[in-house]
Amino acid sequence: MKKIKLVVLMLFASFSFAQAQTLPIDFETGTFNITNFDGGSLTVIDNPQSSGINTSKKVARMIKNAGEQWAGSYITLDNSIDFTTKKIFKMKVFSPKVGTKVLLKVENPSDDKIFYEKEMITTLANKWEELQFDYSKIDITNAYRNLVIIFDLGTKGDGSANFTYLLDDILLEEGTVIPADAPTTAAPAPPAYNASKVISIFSESFTDLDGTNFNPYWQQTTVGSIENYGGNKLFKLLNLNYQGIELAGEVNAASMKYLHLDVWTTNETKLDIYPISRTTGEKKASLTPLKLNQWNSFNIKLSDITTQGFNLADLFQFKIVGAGGHSVYIDNLYLYDDNAAPDTEAPANFTATLSTVTYNSIKLLLKASDNSGAVNFYITVGATTTKIGAASGVQKSYEFTRLPSSTEFTFSITAKDPAENSASNNPIQIVTTTHPAPPAPVVSSPTPPSRLAENVISIFSDAYTNVANTNFNPWWQQSSWFSSEQVGGNEVVKYENFNYQGIEIGSPVNASTLQFLHIDVWTPNETSLSISPISKTTGEKAFKITPVKLNEWNSYNIPLSSFTIQGLSVADIIHLKFVGSGKSIIYLDNIYFYKGSITAISDLKSETTISYYPNPVMNDLNIQSVTEIESVDVYTITGQKIKSVALETSTAVIDLNDITKGTYFVAVTLKNGTRSIQKIVKK
Ligand SMILES: [Ca+2]
Ligand SMILES: [Ca+2]
Ligand SMILES: [Ca+2]
Ligand SMILES: [Ca+2]
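In this report, the structure presented in the accompanying data block is examined. Keep in mind that what you see is a predicted model, and the values were worked out from it rather than measured. (Residues numbered from 1 in each chain as written. Chains lettered and ligands numbered in written order. Predicted model: local features only at pLDDT ≥ 70, side-chain atom pairs only at ≥ 80, totals over all residues.)

This paragraph deals with the overall build of the chain. Secondary structure assignment for the chain yields four helices and 40 strands. The C-alpha atoms of the chain give a radius of gyration of 39 Å, which is well past the 26 Å a tight globule of 683 residues would have. For the chain, the spread of C-alpha atoms along the three principal axes comes to 120 × 70 × 40 Å. By the burial criterion, 35% of the 683 residues in the chain qualify as buried. (Helix = DSSP H or I, 4+ residues; strand = E, 2+ residues; numbered from the N terminus. Rg over C-alpha atoms; globule rule 2.2 N^0.38 Å. Buried ≥ 20, exposed ≤ 12 C-beta atoms within 10 Å, placed from the backbone.)

Have a look at this one:
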């Protein structure tokens, strides 16, 4: 707004000094210290429009005459306004038209550069309405005494009925500003229910579940918030496309019959709510018809949802979906059973049995039936009790994981219905001992040879500089548990409960000038392991590194040609993926791409002097080396080892008579630890 110089104002001002005033101002008694400026004229008159929300006797009338577009008036109060706790201005206004701009400004009486202002717009024509001005951001270290009022700032008045406005009841309140689209009344009060017959998520009429997150970030455009308007809490969804609600844990709602919610909206055209179960996902319930500007109370029959295959016993989220861009207010979101009779019947047929035990997990099977439709199991082990919900008559399995090995556990299990009626055979005790832990590596993996920096790109190794910012445990929905451990003073990566695992390399790897992917693997129980580099452009290609020798380090040098021959580009490797047979343990170390012919300058001579002939080969393959050969292994193109010969000579003759025509890799391991791999063709 254009700044109004107090000095200028004084020239045009007319004064009517009298009794000083403080907030609230209702204009009923006394006179007011009013200053009009630049065409504004504020006078106290008998209420000419006694109706609606203002039937008081006296009001103030502002006539905006021809003058400046900022024409208005101010009231000088007795003292500075106290904004320490109350920061919402309210003022009743009667305007001849919808969309009248109403500016309420406070100013320091001696320095007009110190001010705060808010402008609101009328929503009614020729009716009293209360406007709210949010002063929550005002700098309360300043003093403000003048209350400035300007109607239709930016438009010059003409003194006509079109520029005549009434105002009254200027007051300051605590709380928050209630937006124009908010409910004008409270939602209908829910009936009273027995505690076991209601599960309340959001309502002041019941005890709500603890820990619900009403505004989780699910990439929505919605601005979700809990608002408190005049002591009534509402769940507000502004600019709604969709909104999630996350319960603190699984809720057993199997005994509930209805889902209730109250909805208020000024503009939403389509609204759906989805209960979400941990095991069976989401099911939709449409909220129709949706009437605008009034409370819509919905009671959704849960059997309509459960018959679609929805498990109410592990309800854990809700999703609310709108047409897009509208505002919705929700209150009284709860599940209930409309049968008022208290449940006095205890759960029957309660069984608890041991399912599977491993070195670190114990799985229990639980089952009971109850007339309510729901049963809760309480498993106490040591000082901890875990509550598990189930539907009546449905077997529930529960697994305790990450337990110490070779340890005895005593589980004391009780079954109760939601009304806390106890099964007659409570508690059932199960005593069991976890199995001994599988072997773990005690010696470090083989130390990789020193290599020139340009010949190696390392993902994980203590020997080379690794690619920065690699994520060894991205969430790819795997069952695997990741940890990093020290083995013989050397860091290794451990995946336990391993089914598959991704590694997201910190930046894309261009291995097109390199020849091998090296990896060291130690496992007590995995017998089928494949590794897949994943290229940004060409996807993933697998190579099976079998057989894995158990309880020792296995070193693999996988020719990159075994991936490129399948169509993989090694110029943009972004991830590595490992796939096992499930629930195994693997330790990985020294994961790197390298160029094999040069390990270091000093190794140049020895390695390049290994020769293979003839190639292509019919029967015998001759291998000659200047240093002693330890072993020769023959692999298929997919990495399956089909031949292994242990030697202690510098020449070898490998009989390839018995293998079928095709391409193979021959890996020579020298006594000095270096390894060379050659592609050969069998005719
Ligand atoms: Ca009044
Ligand atoms: Ca409420
Ligand atoms: Ca019962
Ligand atoms: Ca290491």
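As for its position among the elements, Val394 is in the loop between β23 (384-391) and β24 (396-400). Note: C-alpha distance between Val394 and Asn590 (196 residues apart in sequence) is 48 Å.

With antiparallel pairing, the three strands of this open sheet are ordered in space as β20-β21-β24. Looking along the sheet, the strands with just one partner apiece sit at the ends: β20 (348-357) and β24. With direction set aside, neighbouring strand axes in the sheet form an average angle of 20°. Relative to strand β21 (residues 362-369), β20 is paired through six bridges, and the arrangement is antiparallel. Across the sheet, residue Thr353 finds its bridge partner in β21, namely Leu365. (Pairing = 2+ DSSP bridges. Axes fitted to C-alpha atoms, helices over the stretch in contact; angles between N-to-C directions.)

Judged by pairing direction, the sheet is antiparallel, and its four strands sit side by side in the order β23-β22-β25-β26 without closing on themselves. The open sheet has two edge strands with one neighbour each: β23 and β26 (428-433). Each adjacent strand pair in this sheet contributes to an overall mean axis angle of 25°, direction not counted. Bridge count between strand β22 (residues 374-381) and strand β25 (residues 408-416): five bridges; the pairing is antiparallel. Residue Thr380 lies in a different strand from β25, and its bridge partner there is Ser412.

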